[in-house]
Number of protein chains: 4
Amino acid sequence: MKRTKLRYGQLGGSLGAFIGGVHRRAIAIEETAELVAGCFDNRWENNKETGDFYGLAEDRIYKDYTEMVKAECSREDKIDFVSICTPNFLHYEMAKAFLEAGIHVVCEKPLCFETKEAEELQKIAKENNVLFAVTYTYTGYAMVKFAKELIEAGEIGDIINVNAEYLQEWLIDEVGKTDSATSKFSVWRMDPKMTGGSNCVGDIGTHIEAIVTYMTGLKTKKVAAVLDNYGLALDLNANILVELENGCHGVFSCSQVCAGHYNGLVVRIYGTKGSIEWVQEEPDTLKVTKKGEPIRVYSRGTGCVTGLAERRNHIPSGHPEGLTMAFANIYRAFQDSVLKIVNGEEITADDKDYPSIEYGVEGVKFIQACVESSKNNAAWVEL
Amino acid sequence: MKRTKLRYGQLGGSLGAFIGGVHRRAIAIEETAELVAGCFDNRWENNKETGDFYGLAEDRIYKDYTEMVKAECSREDKIDFVSICTPNFLHYEMAKAFLEAGIHVVCEKPLCFETKEAEELQKIAKENNVLFAVTYTYTGYAMVKFAKELIEAGEIGDIINVNAEYLQEWLIDEVGKTDSATSKFSVWRMDPKMTGGSNCVGDIGTHIEAIVTYMTGLKTKKVAAVLDNYGLALDLNANILVELENGCHGVFSCSQVCAGHYNGLVVRIYGTKGSIEWVQEEPDTLKVTKKGEPIRVYSRGTGCVTGLAERRNHIPSGHPEGLTMAFANIYRAFQDSVLKIVNGEEITADDKDYPSIEYGVEGVKFIQACVESSKNNAAWVEL
Amino acid sequence: MKRTKLRYGQLGGSLGAFIGGVHRRAIAIEETAELVAGCFDNRWENNKETGDFYGLAEDRIYKDYTEMVKAECSREDKIDFVSICTPNFLHYEMAKAFLEAGIHVVCEKPLCFETKEAEELQKIAKENNVLFAVTYTYTGYAMVKFAKELIEAGEIGDIINVNAEYLQEWLIDEVGKTDSATSKFSVWRMDPKMTGGSNCVGDIGTHIEAIVTYMTGLKTKKVAAVLDNYGLALDLNANILVELENGCHGVFSCSQVCAGHYNGLVVRIYGTKGSIEWVQEEPDTLKVTKKGEPIRVYSRGTGCVTGLAERRNHIPSGHPEGLTMAFANIYRAFQDSVLKIVNGEEITADDKDYPSIEYGVEGVKFIQACVESSKNNAAWVEL
Amino acid sequence: MKRTKLRYGQLGGSLGAFIGGVHRRAIAIEETAELVAGCFDNRWENNKETGDFYGLAEDRIYKDYTEMVKAECSREDKIDFVSICTPNFLHYEMAKAFLEAGIHVVCEKPLCFETKEAEELQKIAKENNVLFAVTYTYTGYAMVKFAKELIEAGEIGDIINVNAEYLQEWLIDEVGKTDSATSKFSVWRMDPKMTGGSNCVGDIGTHIEAIVTYMTGLKTKKVAAVLDNYGLALDLNANILVELENGCHGVFSCSQVCAGHYNGLVVRIYGTKGSIEWVQEEPDTLKVTKKGEPIRVYSRGTGCVTGLAERRNHIPSGHPEGLTMAFANIYRAFQDSVLKIVNGEEITADDKDYPSIEYGVEGVKFIQACVESSKNNAAWVEL
């Protein structure tokens, strides 16, 4: 019989954690997968409480992920995919274990710390025919999909300049802090062992790189970066010159210390025939200017927004969808792909519209290149 | 044993319907209630398909609401509340049946057609000690709650002028249509028997009245309204002078024929010490100006947004929450209230923060007064 | 010999006065008229100082306007036009005197207090073949001219709704003031003898009526108005239902007590095919939406802004022109008209593009109708 | 006798030229200087026509600037200052001649091509006690002055990041043009002999550097720049990493090929305590955010905008002043300084508030450093 619902497990995301809850809500919105297993926390009490809250069977609340892989694989009703929402340093080993077990994986970004590891995961996924999504969330917004389609259709011509930024303010109090014990993110964000070689570029700068590639189809070729640590172990701010694979230049800026910016991802793509601007805090609109014409503002859900952006629309124009819907769109495509596989059907282009492991690999390369460039006085470093 | 999850049933909202899906997603986001029964459509096939999709027991997919009331009341595990998402003309009888059965009710607006009926429902709810929420959705947004708290705290002084509007464009093609058979909403929106005495004021104008009351604590005392039908049976546009119960004046405008507006609810409240402006399409910010000071823009989730707005916050600042979260906030308060009742606990002020039957009654009065005023050449009509 | 420069005189506008200075700067910008005579102040010292500052001949600094009319008329090099920038109650008699002497007149709004007087001035101007501009400033902005042309060309179809407002905050402290001696505008604004029957509608509401007529070509037919005095002698706030001459409805709101609004004139015109929005505080852009298409934002000075808006453009796009340029555009058309007359040339359509005495007359009617309606409990009053 | 008006001459700026007209209007607005001499064009007919239009004496319309210096210096009523509005390559020699003659100079930017020349002019000005303003126009806006004062007062703490851009679209059609004969700016903009080593950085990038220094008091220490020529002789686009003299980093972007940007100068300064954002196309507002507080939007002319911004205010809040007023503010300070000198009075801090020759020198250094860096693969170059 054709299946209409999937079973999934989650790593990390105990009750109260931010990003794990967003993942669950996103899956709930699309209504085609059910949470049946998990290892939500390394503190058993929290883990158990979370599993109970979602009505999981006792034997599917696992003590650790290795036990979970093993136990699930021995079941007939094993999970179809796992959602990994743990801190960065755990992504690699967890993803690897599930990929090797042939279970599809959704993983938070950044994928891992080293390009070598990223490419290894990519290889395993390919060999095992396993799907692997990396949640570069912002690619999930309907209007970002519309931007992608307009650019693909040549509406703005050849890309000649890119200006993108991702500014936040929440770590402004860390500037100049020498005593990390007092800082609000002392636990793991400033520990390279848990966070990787970069804090700011790794956490948010990588989103810029991913969304620019998603919209334009162009990878970042090289970077000349200045990362500012302000006396801390890792960066809080970065200004990055970039060259894309078509030779055009641009600038990416990311920061966690810019007062007045909350989650300020702004992407502006300039071409020979026009330009496109998208602002994450006003995600339901897209500004498009064609050379010699007035600025156009498109709104999600209106008749003039077509293609995938229309097919991924949830509610009428003017009714804000919000971030969770962007997440939902990623899960929707990923889950549709998995459903097609389990039902032996063909995967469509729409089904493939989620950020795959390729985005994960490029993201790791980008972060590493920025760190290396900054150490070399902003010399150009190829990805 | 203390219950942590509720059981609910739904009327209307078969797969594919807009507003019923929003209600279900909102409930799913808050994670404290489970769908167990329903009568989703008067076409059996659609009804069954929807019930099956959500894994409902066969015997809890009901043919009609009367059967549902009866059957549920005979069960030990009967539903705790029902969510009514059917067309307007069904609200009254459905709500009445469940209220009389002692089942808590959430109902879409407008509550019903006649003030008499509305007050009857209010009376039954009170007598039976049953909770009754009417989904004036926009009162659910965190920043609307912040506006309410600032005004209550006297931050803008005494209210001296109100300017609010709710503009849409989606019915612009109906203007001047004489052959209603060709119109896109011929089925029921232009039939007073199914829609009530007003289309535009009843559908969206009533939201203005509700949100102004929610924010300011002031009811609308009287109206002088001009409704424009543009040749159709019911109104598509309205401009309304209002007097609030404190004697201040203002204007409410609503329209479904204003090109360039999608869901343009804008509320501006002016007081002797300052003003407040909230725009539904940018719901996560609130503009507050105190006399003689710069304009302040507050963002949801930041440290300076406190009180209930903080407690109802789901995700960090700058990450758009969207309309579904506003709905979720209403269900959250309502469900917390129901949970407290079933567990024998005391209901708090936060739990009560949903638009109750009082809003439903005032809404019906407002719609009727606008219709009457417009028929009388915009003469003042008291609510 | 063909003249290229005009001579003008000014009434009111001594050094330091606001609006008189704006008039002089506007004329200076267009560079086709020279100040040669004036009666700038009823205090001789101020009058003399102003005249001297501008290098006027001693005998052309006049003690009063009657002397000025007489003396100028006896000169060969008499002034070509006079600019009247005095308080409201002086407009009528001054304009009358210069019109009767055959001298062209530019006068501040409101033209006068009574419709009868306004029509008398209109009659005199016509009989004497004298030009008469009333400075409804906002009609001078380039993008307002573009709006007018788009509407004339049918771009937004038939007008079906109008929503316009003019909100300020500067008199908020007057609300509830019983002791007018302490108020900041006690001298003449609250004295009906000097201000006329309305303060707020007369000062700013009249601008709404004028600009709507300018843009749409439609006069206001009737009004249902609520004026709020908040305990003072004259109004500080007004909400007005309107019916235009084509039968469409709308609302005009004006206020001097709305915190956070400085000079907030906003005009929105809705038609069967689209809509137009113009915001005075961002005067160089125009928002135009055609049904079913994205919102378009046009900018002054760009290639897609054509017609009179292009011909009245002073500086490149993106370089803000400001209010003084709007004034300059009015003077430019008026002075071009006068130059054509003195040179015996034909006046073109562009030359006529200034708000003429007809606007002045309609303005007085509008103000009077609003005052009367408000006294009659917001009953409809025809203009 | 104390003088209240100055006499000035102009170089360049014949009727119809853009920037020369702006200079004259700005001077006209401030009303303290009169045009009495000039050499407006190297085509005699245009030169004569312009001189005649402004009523200049025949013998003060000069064939060339050398004649003008000589003749003016021999007069008792010689000009007090000269305004240089010619193409870039003429600035150096003209400025030099007038400085040597002891005549105060206002000159368009960029000051000249070579740092050596710039410093020479600076030296001559100093030795001859002659004032020298370079029209970095945007420093003239009232709200830019307010930004400067807030930063000086420590309101945003120590500067830790800077993000500024100046984007235009007007040369987009030049991208990839090999046949410069067809291009719209073939005459001199793409000729390094007439324009200098950079087109885009020299024309608009230099404004970024100047306004950042004006606001923050911090000079640019070094740059790492990528200039894009798109096949032409000079740059049309540039992305520049910068380090300011306090060690903080940032990015400056300038472009003439970004569709949808007209004159998009945007300056954002981030400090340890807050941030400031100013947008040239909305010049009358300033966005200020203090850490942990809501975003504040200040408007020119309101009571909370104090200091020099208040003293340079021309018209009430909400009435746009526009670019010409920014120019006027620069001339106002410069002319007040000159007036004080001719009257033997002391020059105040307000009088000194115009961009002096120091800005001119830094601007030339900045342009040269960007060009050099770009030639060296974006290596850091010190100014």
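Preceding this paragraph is the structure being described.
Residues numbered from 1 in each chain as written. Chains lettered and ligands numbered in written order. Predicted model: local features only at pLDDT ≥ 70, side-chain atom pairs only at ≥ 80, totals over all residues. Heavy atoms only, no water.

A few words now on the interface of chain A and chain D. Taken together, the contacts link 39 residues of chain A with 39 residues of chain D. Counting every contact that joins chain A to chain D gives four salt bridges. Between chain A and chain D we count 18 residue pairs in polar contact (both at pLDDT 80 or more) in total. Looking at the side of chain A that touches chain D, the elements with two or more residues in it are strand 6 (159-167), strand 7 (220-228), strand 8 (237-244), strand 9 (249-255), strand 10 (264-271) and strand 11 (274-279) of chain A. The dominant element in the side of chain A that touches chain D, judged by the number of residues it contributes, is strand 6 of chain A, at five residues. In the side of chain A that touches chain D, the residues fall into 18 nonpolar, 15 polar and six charged. (Contact = heavy atoms within 4.5 Å. Salt bridge = Lys/Arg side-chain N within 4 Å of Asp/Glu carboxyl O. Polar contact = N/O pair within 3.5 Å; in protein donor to acceptor, adjacent residues only side chain to side chain. Helix = DSSP H or I, 4+ residues; strand = E, 2+ residues; numbered from the N terminus. Nonpolar A, V, L, I, M, F, W, Y, C, P; charged D, E, K, R; others polar.)

The next thing to look at is the pattern of salt bridges. Note that side chains of opposite charge can pair when their charged atoms are close. Counted according to the given criterion, the structure contains 116 salt bridges over all chains. A salt bridge links C:D336 to C:R332, with the nearest nitrogen and oxygen atoms 3.0 Å apart. Separated by four residues within a single helix, C:D336 and C:R332 lie in helix 10 (residues 323-342), roughly one turn from each other. On the accessibility criterion, C:R332 (28% relative accessible area) is partly exposed. One salt-bridge network, in which partners are shared between bridges, spans A:D59, A:R60, A:E72, A:R75 and A:D77. (Buried < 20%, exposed > 50% of the residue type's maximum accessible area, 1.4 Å probe, protein only.)

Cis geometry is found at the peptide bond from B:K109 to B:P110, where omega equals -10°. One can find B:P110 in the loop between strand 4 (104-107) and helix 5 (115-127). Unlike most non-glycine residues, A:Y230 shows phi in positive territory, near 50°. Within the secondary structure layout, A:Y230 lies in the loop between strand 7 and strand 8. The phi dihedral of D:N129 falls on the positive side, at around 55°, and the residue is not glycine. Since its relative accessible area comes to 66%, D:N129 is described here as exposed.

Turning to the interface of chain C and chain B, a few remarks are in order. Counting from both sides, the interface comprises 39 residues of chain C and, opposite them, 39 residues of chain B. The tally of links between chain C and chain B comes to four salt bridges. Those elements that place two or more of their residues in the side of chain C that touches chain B are strand 6 (159-167), strand 7 (220-228), strand 8 (237-244), strand 9 (249-255), strand 10 (264-271) and strand 11 (274-279) of chain C. No other element matches strand 6 of chain C, which puts five residues into the side of chain C that touches chain B. A per-class count over the side of chain C that touches chain B returns 18 nonpolar, 15 polar and six charged.

Take the sheet that holds strand 1 (residues 6-11) of chain C next. Residue and element names in this part refer to chain C. Across the sheet, which stays open at both edges, the five strands sit in the order 2-1-3-4-5 with parallel pairing between neighbours. If you trace the sheet from one side to the other, it starts and ends with strand 2 (33-39) and strand 5 (132-134), each paired once. Adjacent strand axes in the sheet meet at a mean angle of 20°, parallel and antiparallel pairs treated alike. Bridge count for strand 1 against strand 3 (residues 81-84) is four bridges, and the pairing is parallel. In the sheet register, Q10 faces strand 3, and the bridge partner there is S83. Sheet strands touched by helix 3 (residues 65-73): strand 1, strand 2 and strand 3. Its angle to strand 2, the strand with the most contacts, is close to 130°. Of the strands in this sheet, strand 1, strand 2, strand 3, strand 4 (104-107) and strand 5 touch helix 10, which is tilted by about 175° from strand 4. (Pairing = 2+ DSSP bridges. Axes fitted to C-alpha atoms, helices over the stretch in contact; angles between N-to-C directions.)

Let us now look at the relation of the copies chain C and chain B. Mapping chain C onto chain B calls for a screw motion: a turn of 180° about the axis and a shift of 0.0 Å along it, with 0.0 Å RMSD after fitting. In the structure described here, the two chain copies are related by an operation that fits a two-fold rotation axis. When the interface residues of chain C are mapped onto chain B, 100% of them are again interface residues, pointing to one common binding face. (Least-squares fit on C-alpha atoms with pLDDT ≥ 70 in both.)

Before going further, it helps to examine the packing of aromatic side chains. Tallying each qualifying case throughout the model produces 40 aromatic pairs over all chains. Aromatic side chains B:Y138 and B:Y141 sit 6.5 Å apart centroid to centroid with 15° between the ring planes, which places their arrangement in the stacked category. B:Y141 carries the same exposure label as B:Y138, and that label is buried. Ring centres 6.1 Å apart and planes at 50° place the aromatic pair C:F252 and C:F366 in the tilted group. Within this pair, whereas C:F252 is found in strand 9, its partner C:F366 is found in helix 11 (residues 357-375), the two being separated by 114 residues in sequence. Here C:F252 falls in the buried class, since its relative accessible area comes to 0%. An aromatic cluster is defined as three or more aromatic residues linked by ring pairs; in this entry it consists of A:Y8, A:F81, A:Y331, A:F334 and A:Y354. Lying across the ring of C:Y214, C:K148 places its NZ or CZ 4.3 Å from the centre. (Phe/Tyr/Trp six-rings, centres within 6.5 Å; stacked < 30°, edge-to-face > 60°. Lys NZ or Arg CZ within 6 Å of the ring centre and 35° of its normal.)

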